[in-house]
Amino acid sequence: PSLEQLMGEFDVARVTVRQAISLLTGEGLLSPQRGRGTFVTGTGAGAKRQLRVETTLGDLVEMYKGDKPHHDTLEEGERRPRLRPADGRPAPDYVYMRRIHSRDDEAYCVISIYIDKRVFRRAPARFRKELALPVLTSLPGLKIASARQTLNISKADVETARLLDIPLNSPMADVRRVLCARDGTIIYVAEISYRGGFNPGPLPAGAA
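These notes cover the structure that comes with them.

About the cut-offs
Residues numbered from 1 in each chain as written. Predicted model: local features only at pLDDT ≥ 70, side-chain atom pairs only at ≥ 80, totals over all residues. Heavy atoms only, no water. Helix = DSSP H or I, 4+ residues; strand = E, 2+ residues; numbered from the N terminus. Buried < 20%, exposed > 50% of the residue type's maximum accessible area, 1.4 Å probe, protein only. Areas by Shrake-Rupley, 256 points an atom, 1.4 Å probe, with all protein chains shown as cover. Salt bridge = Lys/Arg side-chain N within 4 Å of Asp/Glu carboxyl O. Contact = heavy atoms within 4.5 Å. Pairing = 2+ DSSP bridges. Axes fitted to C-alpha atoms, helices over the stretch in contact; angles between N-to-C directions.

### Quick look at the overall build of the protein chain
Now for step 1: A tally of regular secondary structure across the protein chain gives 8 helices and 8 strands.
Now for step 2: Out of the 208 residues belonging to the protein chain, those deemed buried represent 41%.
Now for step 3: Carbon and sulfur atoms provide 51% of the accessible area of the protein chain, an area that totals close to 12200 Å².

See the structure below:
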């Protein structure tokens, strides 16, 4: 949009719009071109900010064994996760749980969990009470063929800041985990937002 359109849409002065464009240009997200306008670039600094740390699923599960943080369930129901083509094949249905995890009365993460409904039915009480990864890896006959995890650095939005009782725009570590069965079916997806300053342990992005 033109400067005038942005000024009207956000109700700000021209100098504010110019400063915002300058900042975004410096981050590689915009490309002003004389006589043509300003264009959003598809490959900016934002893409370079993704951080991947590799380890194994076994390492992660071992870290979580015996760990029993307090958790409050905010929501439970049936909902499909947002999947990417590379994730695998969707299960027919998923059980969705959204939780806040805390330790010593301090909330440290908000987590959205999606579990293949057929897997969830094998141990519903445990999935509701315990951490999901140790439960998944302990179910007889359930083979996890692949596990992937990515970590992105972000800032707390309004809802996350409220749930974790932290200032808006506080630093966050956003983790996404995807586990697949032997046939490529996605049996588990987790989207986790850790508050800055909390060490969640090793963050795997590799396969196990």
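Structure shown, so let's carry the discussion forward.
### Considerations on the pattern of salt bridges
Now for step 1: Scanning the entire structure with this criterion turns up 12 salt bridges.
Now for step 2: With its nearest N and O atoms 3.1 Å apart, the salt bridge here joins Glu-159 to Arg-98. One end of the pair, Glu-159, is in helix H8 (residues 158-164); the other, Arg-98, is in strand E4 (residues 94-103), with 61 residues separating them in the sequence.
Now for step 3: A relative accessible area of 37% places Glu-159 in the partly exposed class.
Now for step 4: One salt-bridge network, held together by shared partners, links Asp-87, Arg-148 and Arg-176.

### Quick notes on the side chain of His-101
Now for step 1: Assignment of secondary structure puts His-101 in strand E4.
Now for step 2: Apart from residues no more than four positions distant in its own chain, His-101 is found in contact with Pro-69, His-70, His-71, Glu-106, Ala-107, Tyr-108, Cys-109, Ile-111 and Leu-131.

### Here's the deal with the environment of Ala-156
Now for step 1: With respect to the helices, strands and loops of the structure, Ala-156 is situated in the loop between strand E6 (144-155) and H8.
Now for step 2: Distance in space between the C-alpha atoms of Ala-156 and Leu-168 is 5.6 Å, their sequence separation being 12 residues.
Now for step 3: Aside from chain neighbours lying at most four places away, what touches Ala-156 is Ala-161, Ile-166, Pro-167, Leu-168, Asn-169, Ser-170 and Met-172.

### What about the sheet that holds E6?
Now for step 1: Strands sit in the order E3-E4-E5-E8-E7-E6 across an open sheet of 6 strands; the sheet is antiparallel. Either end of the sheet is taken by a strand with one partner, and the two such strands are strand E3 (70-78) and E6. Each strand of the sheet is rotated relative to its neighbour by a mean of 15 degrees, with strand direction disregarded.
Now for step 2: Here 7 bridges tie strand E5 (residues 106-116) to strand E8 (residues 186-195), and the two strands are oriented antiparallel to one another. Across the sheet, residue Ile-115 finds its bridge partner in E8, namely Tyr-188.

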